[in-house]
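Here is what each chain is made of, one letter per residue.
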Amino acid sequence: MKERLYRITDRLVSYARRKSPWILHMDTGGCNGCSIELFAVLTPRFDIERFGGVSKANPRHTDILLIDGAVTKKIRPRLRRIYEQTPEPKVVIAVGACAISKGIFHDAYNIDGPLDEVMPVDVYVPGCPPKPEAILQGVLKALKLWESRYTV
Amino acid sequence: MAKDNERREKLCYTLPLGPQHPMYVEAENLMVRVDGETITGVEVNIGYMHRGIEELMQRKNYLQGIFLAERICGICSGIHSVTYCEAVENALGIEIPERAKYIRTITLELERLHSHFLFLGVMAYELGLDTGFMYTWRDREHVMDMLETLSGNRVNYGIPTIGGVRRDLPAGEIPGMLKRLEHLRKRAEHYVILFSSDALVRKRTLGKGNLPKGKANSHSIVGPVARASGVNTDIRRDLPYLLYDELEWNVVTRMEGDVQARVMVKAYEIFESISILKQCLNRISRTTPELKTKTSLFVKENEGMSITEAPRGELVYYLVSNGTDRPERMRIRTPTFTNVPSALPIILKGEQLADLPVIVGSVDPCFSCCDRVTIVDERTGESRGVDEAFLRKLGEENGD
Ligand code: SF4
């Protein structure tokens, strides 16, 4: 009996969490272009709140990490700390060519990326910058992944 | 008395803000000294976004440099690439065709529009008016659409190239663009009313973050922030480039120097930009459809310089060429770098801690632009911007 109850509450919680992913966005040393497109995703034309997504800045409340930029040397330790502070289950999305492969800055001296050398990345959204629609699709894919990780 | 002092000591502390902070998307760190709720001093630590673009540019050829310049900052990408191209053209000693000038001016003014709408949105957000943020960003999408019709991209346009522009403006798009501009003008009027008469906004912006004219002059503040303090400066008028001396427009200035003035300067600049754009769009069909002056990409030993007015202020590119297809030295001076570290400590002093986001936001910081030079944080060795070994290597290579 107790077990069944647990299972039901778990399902409920999982459903509720899937409907309201909290997103942390972080720019780690790109050109800002990706951040601007990310902000556009929050605003009425693209409107991520349709899927319940809210941008929150606290890593301890975050479900999805949206990260763009080529990871500079100065930001790298901080980035790692933010990743460690985020509770499981979490999904990491690398947005833009910079985060995926260091992009145009690939041989700059102060770049210490790409992102998947700092933390495990689940979804890659290519483009320089990716269009807001692509970012939105990335978030939706991440949500599916996140759900599969959450359900016990 | 001694007890009082002790209590005071306890109330004075340093509050670290950032590098990751809800206030801004980009990483920066402000060490704020507070006495109770009052800010007594600020130390700005930048450098989290430093990538080393100047050095990278010196290793790439001139055409590759355009794209690097564009990616210094995603908000002002157009002005960076245009200024870069102008510096190279200056060193080459060539003129660009009339039509290219029009297309460059249109790109730059559209960019100013989107940047100013973005600023109004961010200000509304910092003030707690989330609805205002949503509205301004919805209107901003019109500008983005226009940029997309013009260049095919939303953020990094890739429009200018050395000697001209890459793409023509399709003539069929002009009426639609004029219509959208008219719509934007009406919306901008609405925002002027919102930001100048809303009781809450007035309470939080009037008289906050004062930057007197003398201080603005002595600290070399540039752009809209300086204009809001009564400094009558605008590179578009003072050192005209492209078509700005042929068009009719005004420089917007304000005397007050507070947050409200800074918002108003940008809000009124939207009207000026729209008027410039309308004039350009109406006249562009009169020019010949030539887009580019043919030129060699090997620049003989020379210097090139160009100064422009980015949405945030004066932008300078200085280039030394050495006869190859790569620059010998590239120097970039961005407006935010002069504005943020020098203005923030002045305007934040004596203000309430709760007003900090609004005041910092009113300077319109853009840290990707700003982090052109690395400031080394001496107290914590870990957060160093440039690798020491690399600097030494660079020094040895250059022989000094
Ligand atoms: S991927 Fe392109 S647009 Fe995005 S941050 Fe990097 S350079 Fe800028």
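Procedures and definitions
- Residue numbers restart at each chain and count upward from 1, following the sequence in its written direction.
- Whichever chain is written first is A, and whichever ligand is written first is 1; the rest continue in order.
- Residue-level local features of this predicted model are given only where pLDDT is at least 70; pairs of side-chain atoms are given and counted only at 80 or more, and the full residue set underlies all totals for whole chains, interfaces and linings.
- Heavy atoms throughout the structure, all of them, feed into the side-chain values; hydrogens and water do not.
- The numbering of helices and of strands both runs from the N terminus, where a helix is a DSSP run of H or I of at least 4 residues and a strand a run of E of at least 2.
- Throughout, the radius of gyration refers to the C-alpha atoms, and the reference size of a globule is 2.2 Å times the residue count to the power 0.38.
- Buried residues are those whose accessible area, probed at 1.4 Å on protein chains only, stays under 20% of the maximum for their type, while exposed residues exceed 50% and partly exposed ones sit between those limits.
- Here, residues are in contact when the closest pair of their heavy atoms is within 4.5 Å.
- Residues are classed as near a molecule or strand on a simple rule: at least one heavy atom within 4 Å of it.
- Three categories are distinguished: nonpolar for Ala, Val, Leu, Ile, Met, Phe, Trp, Tyr, Cys and Pro, charged for Asp, Glu, Lys and Arg, and polar for the others, with Gly belonging to the last.
- Strands are labelled as partners when DSSP assigns at least two bridges between them.
- Here the quantity called buried area is the accessible surface, traced with a 1.4 Å probe, that two parts lose on coming together, added over both.
- By convention in these notes, a salt bridge is any Lys or Arg side-chain nitrogen within 4 Å of a carboxyl oxygen on Asp or Glu.
- Distance and chemistry together define a polar contact, namely a pair of N or O atoms within 3.5 Å, with one atom able to donate a hydrogen and the other to accept it when in protein, and with adjacent residues in sequence counting only for side-chain atoms on both sides.
- Here the axes come from fitting lines to C-alpha atoms, over the contacting stretch only for helices, and the angles between their N-to-C directions go from 0 to 180 degrees.
- What fixes the domain bounds is an automatic or database domain assignment.

With that settled, the discussion passes to the overall build of chain A. Looking only at helices and strands, chain A features five helices and five strands. Mapped from its N terminus to its C terminus, chain A presents α and β elements in the order α-β-α-β-β-α-β-α-β-α. The C-alpha radius of gyration computed for chain A amounts to 16 Å, which stays within 12% of the reference 15 Å derived for 152 residues, consistent with globular compactness. Expressed as lengths along the three principal axes of its C-alpha atoms, the size of chain A is roughly 60 × 35 × 20 Å. Expressed as a percentage of its 152 residues, the buried residues of chain A come to 53%.

So, on to the side chain of Thr43(A). Tracing the backbone through its elements, the reader meets Thr43(A) in the loop between helix 2 (33-42) and strand 2 (54-55). On the basis of relative accessible area, Thr43(A) is assigned to the buried category, the value being 0%. Not counting the four nearest positions on each side in its chain, Thr43(A) is found in contact with Phe133(B), Met134(B) and Trp137(B).

Glancing now at the site of the ligand. Near the ligand you find Gly30(A), Cys31(A), Cys34(A), Gly96(A), Ala97(A), Cys98(A), Gly127(A), Cys128(A), Pro129(A), Arg71(B) and Asn156(B), and these make up its full shell. In the shell around the ligand, the residues fall into six nonpolar, four polar and one charged.

All names here are of chain A. Judged by pairing direction, the sheet is parallel, and its five strands sit side by side in the order 2-1-3-4-5 without closing on themselves. Among the strands making up the open sheet, the edge pair consists of strand 2 and strand 5 (123-125). Where strand 4 (residues 91-95) meets strand 5, three bridges bridge the pair, whose relative direction is parallel. When the sheet's bridge partners are listed, Ile-93 is paired in strand 5 with Val-123.

Tallying the contact residues gives 50 residues for chain B and 41 residues for chain A. For the chain B and chain A pair, buried surface summed over both sides reaches about 3,900 Å², with 61% attributable to carbon and sulfur atoms. Our count for the contact surface shared by chain B and chain A stands at six salt bridges. Here Glu37(A) makes a salt bridge to Arg154(B), at a shortest N to O gap of 2.8 Å. Seen at the junction of chain B and chain A, the total is eight residue pairs in polar contact (both at pLDDT 80 or more). For the side of chain B that touches chain A, the secondary structure elements donating two or more residues are helix 2 (53-59), helix 3 (62-70) and helix 6 (130-151) of chain B. Looking at the side of chain B that touches chain A, the element that brings in the most residues is helix 6 of chain B, giving ten residues. For the side of chain B that touches chain A, the class distribution of residues is 24 nonpolar, eleven polar and 15 charged.

Positionally, Thr83(B) belongs in helix 4 (residues 77-92). Not counting residues within four places of it along the chain, the set of residues in contact with Thr83(B) comprises Ser306(B), Thr308(B), Leu315(B) and Tyr317(B).

For the rest of this paragraph, the subject is the sheet that holds strand 6 (residues 302-310) of chain B. Residues and elements named next belong to chain B. Taken together, the three strands give an open sheet; going across it, the order is 6-7-8, and neighbouring strands pair in antiparallel fashion. On the outer flanks of this sheet lie strand 6 and strand 8 (327-333), each paired with one strand and no other. Shown here is a sheet whose adjacent strand axes are inclined to one another by a mean of 10 degrees, direction ignored. Across nine bridges, the pairing between strand 6 and strand 7 (residues 313-321) is antiparallel. Within the sheet, the bridge partner assigned to Gly-304 lies in strand 7 and is Leu-319. Packed onto the sheet, helix 13 (residues 335-348) meets strand 6, strand 7 and strand 8 and runs at close to 125 degrees relative to strand 7.

Bringing the domain arrangement of chain B into the picture now. Residue and element names in this part refer to chain B. You can read the domains of chain B as domain 1 (1-45 + 339-365) and domain 2 (53-338). Using only C-alpha atoms to locate each centre, domain 1 and domain 2 end up separated by 30 Å. Across the boundary between the two partners, domain 1 contributes 20 residues, which contact 23 residues of domain 2. Per-residue buried area on domain 1 facing domain 2 is highest for Asn-339, Val-358 and Asp-364; these three make up 35% of the total on that side. The interface formed by domain 1 and domain 2 includes two salt bridges. Where Arg-204 meets Asp-355, a salt bridge forms, and the shortest distance between an N and an O atom there is 3.7 Å. Where domain 1 meets domain 2, there are eight residue pairs in polar contact (both at pLDDT 80 or more). Looking at the side of domain 1 that touches domain 2, the elements that each hand over two or more residues are helix 13 and helix 14 (356-362). Ranked by residues supplied to the side of domain 1 that touches domain 2, first place goes to helix 13 with seven residues. In the side of domain 1 that touches domain 2, the residues fall into 13 nonpolar, four polar and three charged.

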